[in-house]
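# Residue-level structure breakdown
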Amino acid sequence: MQDFIRIHEDDNVAVALRPIAKGEELTVGQYQVTTQEEIPQGHKFALKPIAKGSEVIKYGFRIGFAKEDVPAGGWVHVHNLKTALGDLLTYTYEPVASGLKETEHAYFEGFRRTDGKAGVRNEIWIIPTVGCVNSIAKALEKKAQKLVGGTVEDVIAFNHPYGCSQMGDDQENTRKLLADLIHHPNAGGVLVLGLGCENSNIPVLKEYIGEYDEQRVKFLQCQDVEDEQAAAMELLEELAVYAGAFSREKIDASELIIGMKCGGSDGLSGITANPTVGAFSDILISKGGTTILTEVPEMFGAETILMNRCETPELFDKTVSLINDFKNYFTSHNQTIYENPSPGNKKGGISTLEDKSLGCTQKSGSAPVKGVLAYGEPVKVKGLNLLSAPGNDLVAATALAVSGAQIVLFTTGRGTPFASPVPTVKISSNSRLAGHKDNWIDFNAGRMVEDKTKEELAQELFDYVLEVASGRKVKAEEAGFHDMAIFKQGVTL
């Protein structure tokens, strides 16, 4: 196992891959370093003296300025490093060509829907129009488990607190997200459960849903019937018959849409897990597939890397708006743009937002940016897409599913049990976490600093994703976890 890593030849810091004691003598390339203090795993130490006010370089990019003189071998973290980022910036399009080439086809066993979409699960979804019927939805989920069998894999209620007492964009977001979920191909059947007096009632929601298969989507307004649970069970039984007629068939991997998200990152996330996902993304895209990168606040400080990979000037302009619109969202609520790293991030070795973002964007691989999506907007073009959504794990993962992701890849250095509306693959950045929380973690990318290359791990992850797409359950599914969270931005009445 490696003891440390210097990620880029221009870096003036290295990252400890194990706890390094004070006084250890290390050879890092041309540098001979004696550690001045204990360096925790995932944390940075200076390779040469860094003067106060000088740039600290990691990943080959500036991650901030030194707040004080840092000696060679000194621990570099929040106590002596500050962000170099400002507020709104002006950007210049400097396109970078991608060398990604097509590779041979790959396949998975999925469900072909009547609208032509491909699903990786055949579930029945209960989607409330308003939080007032959440308890009914959960009771129905429990009762309807008797319908699971054959090719019907689960019955799931996706509760949320919205659909009424909302205004403006919040109400619009709720309607768009619910409509998009109703069309998601992982659902073989959908029961839309309404109350009757809510703002986003069923007649209103139907305008957002548009055309739909009447055998696949059923509606029930609870105020209109005497016994809503009995009426709902009749509809769910009809949906189970319909969904049960679907079976898995061979589908080209070019029809996979995979969401990419990280959370609870540590100092190894940008070295192991995120680069593995980035290499996976390149493999899938080389086969004609699609990936979606989101959590815009965790692009701040690394946004120019993505901007310069935009395929056209128009996409560059949309990416600039993606970034600046989110910055304006922060400032409109009187919040600091660059106070993003969480306590868990900092404990794991991430010091500034640039540090976090440069690691986060490793998930995008090297493919050109082909699409830029608004929150709640479905994918329209194959390849790498950028999606507007916050960094919050549940909100962002839900947004990925709503935009069409059949599976979400979630990298983490700290661990989390959460799920999303679609299978959510947990990828650990370090082996300690993978061993400690085996009931949460599906794939260990921490092996990259032990006995595996990035390319080997990316191929393993690609093969694993094909298995998940073909029906293999991830740990969160085995535990029965299914979460959904809608982005709330404004006033609640």
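Model, not experiment: these values are computed from the prediction.

Axis separation between helix α5 (residues 273-286) and helix α12 (residues 454-469) bottoms out at 8 Å; the angle between their running directions is 65°. As for the relative orientation of α5 and α12, their crossing is right-handed in sense. Between α5 and α12, the contacting residues are Pro275, Thr276, Val277, Ala279, Phe280, Ile283 and Leu284 on the first element and Lys454, Leu457, Ala458, Gln459, Leu461, Phe462 and Val465 on the second. Split by residue class, the contact of α5 with α12 holds 11 nonpolar, two polar and one charged.

The next point concerns the pattern of salt bridges. Evaluated as defined, the whole model comprises 22 salt bridges. Lys138 is paired through a salt bridge with Glu141; the nearest N and O atoms lie 3.3 Å apart. One end of the pair, Lys138, and the other, Glu141, are both in helix α1 (residues 134-143), three residues apart, so they sit about a helical turn from each other. What makes Lys138 partly exposed here is its relative accessible area of 36%. A relative accessible area of 17% places Glu141 in the buried class. The closest approach of N and O atoms between Arg472 and Glu467, which form a salt bridge, is 2.5 Å. Residue Glu467 is classed as partly exposed on the basis of its relative accessible area of 38%. Through salt bridges that share partners, Lys261, Glu295, Lys363 and Asp393 make up one connected network.

Turning next to the packing of aromatic side chains. The full count for this structure, using the stated rule, is 11 aromatic pairs. With centroids separated by 5.0 Å and ring planes inclined at 85°, the aromatic side chains of Trp125 and Phe158 adopt a geometry described as edge-to-face. Of the two residues, Trp125 is situated in strand β12 (residues 123-128) and Phe158 in the loop between β13 (154-157) and α2 (168-182); the sequence distance between them amounts to 33 residues. By relative accessible area, which is 0% here, Trp125 ends up buried. Note on Tyr242 and Phe246: the rings are 5.4 Å apart at their centroids and 75° apart in plane angle, and the pair reads as edge-to-face. Both residues of the pair, Tyr242 and Phe246, belong to the buried class. Counting every residue linked through ring pairs, the aromatic cluster contains Phe326, Tyr329, Tyr375 and Phe487. Geometry around Phe219 places Lys206 over its ring, the cationic atom sitting 4.5 Å from the centre. Residue placement shows Lys327 over the ring face of Phe300; its charged tip is 5.4 Å from the ring centre.

On to the sheet that holds strand β5 (residues 44-46), then. What the four strands build is an open sheet, ordered β1-β2-β5-β8; its pairing is antiparallel. Here the strands that pair on one side only, and so sit at the sheet edges, are β1 (4-5) and β8 (75-76). As paired elements, β5 and β8 share two bridges and run antiparallel to each other. Bridge pairing in β8 places Phe45 opposite Trp75.

The element strand β15 (residues 217-221) is largely enclosed, with a buried count of five among its five residues. Bridge count between strand β14 (residues 187-194) and β15: five bridges; the pairing is parallel. Looking at the pairing, Leu191 lines up with Lys218 of β15. Read as a crossover between parallel neighbours, the route from β14 over helix α3 (residues 202-209) to β15 is right-handed.

Spatial ordering of the open sheet is given by β6-β7-β9, a layout of three strands whose pairing is antiparallel. Among the strands making up the open sheet, the edge pair consists of β6 (55-58) and β9 (81-82). Of the strands in this sheet, β6 and β7 (61-66) are in contact with helix α9 (residues 353-360), which crosses β7 at around 165°.

This part takes up unusual backbone geometry. Even without glycine at this site, Ser165 takes up a positive phi of about 60°. Position of Ser165 relative to the elements: it lies in the loop between β13 and α2. Located in the positive-phi region is Glu295, a residue other than glycine, with phi close to 60°. Assignment of secondary structure puts Glu295 in the loop between β18 (290-293) and α6 (303-307).

Conventions we followed
Note on numbering: residues in each chain are counted from 1, in written sequence order. In keeping with the model being predicted, local features are shown solely for residues with a pLDDT of at least 70 and side-chain atom pairs are shown and tallied solely at 80 or more, while totals for entire chains, interfaces and linings include all residues. Just so you know, side-chain values use all the structure's heavy atoms and leave hydrogens and water out. Throughout, an axis means a line fitted to C-alpha atoms (over the contacting stretch in the case of helices), and angles, computed between N-to-C directions, take values from 0 to 180 degrees. Strands are runs of DSSP state E lasting at least two residues, helices are runs of H or I lasting at least four, and both sets are numbered from the N terminus onward. Should the near helix be turned anticlockwise from the far one by less than a right angle, the crossing is termed left-handed; should it be turned clockwise, right-handed. Contacts are residue-level and defined by heavy atoms, with any inter-residue pair within 4.5 Å sufficient. Under the grouping applied here, Gly and all other residues not named as nonpolar or charged are polar, the nonpolar ones being Ala, Val, Leu, Ile, Met, Phe, Trp, Tyr, Cys and Pro and the charged ones Asp, Glu, Lys and Arg. Just to be clear on terms, a salt bridge is a Lys or Arg side-chain nitrogen sitting within 4 Å of an Asp or Glu carboxyl oxygen. For every residue, the accessible area (1.4 Å probe, protein chains only) is compared with the maximum for its type, and the residue is labelled buried under 20%, exposed over 50%, or partly exposed between those bounds. Side-chain rings of Phe, Tyr and Trp (the six-membered ring for Trp) are treated as a pair once their centres are within 6.5 Å; stacked means planes under 30 degrees apart, edge-to-face means over 60, and tilted covers the remaining angles. A positively charged side chain is recorded as over a ring if its NZ (Lys) or CZ (Arg) lies within 6 Å of the ring centre. The angle to the ring normal must also be within 35 degrees. For two strands to be treated as a pair, DSSP must find no fewer than two bridges joining them. Here, the term right-handed applies to a crossover whose path from the first strand over the helix to the second runs clockwise when the strands point away from the viewer.

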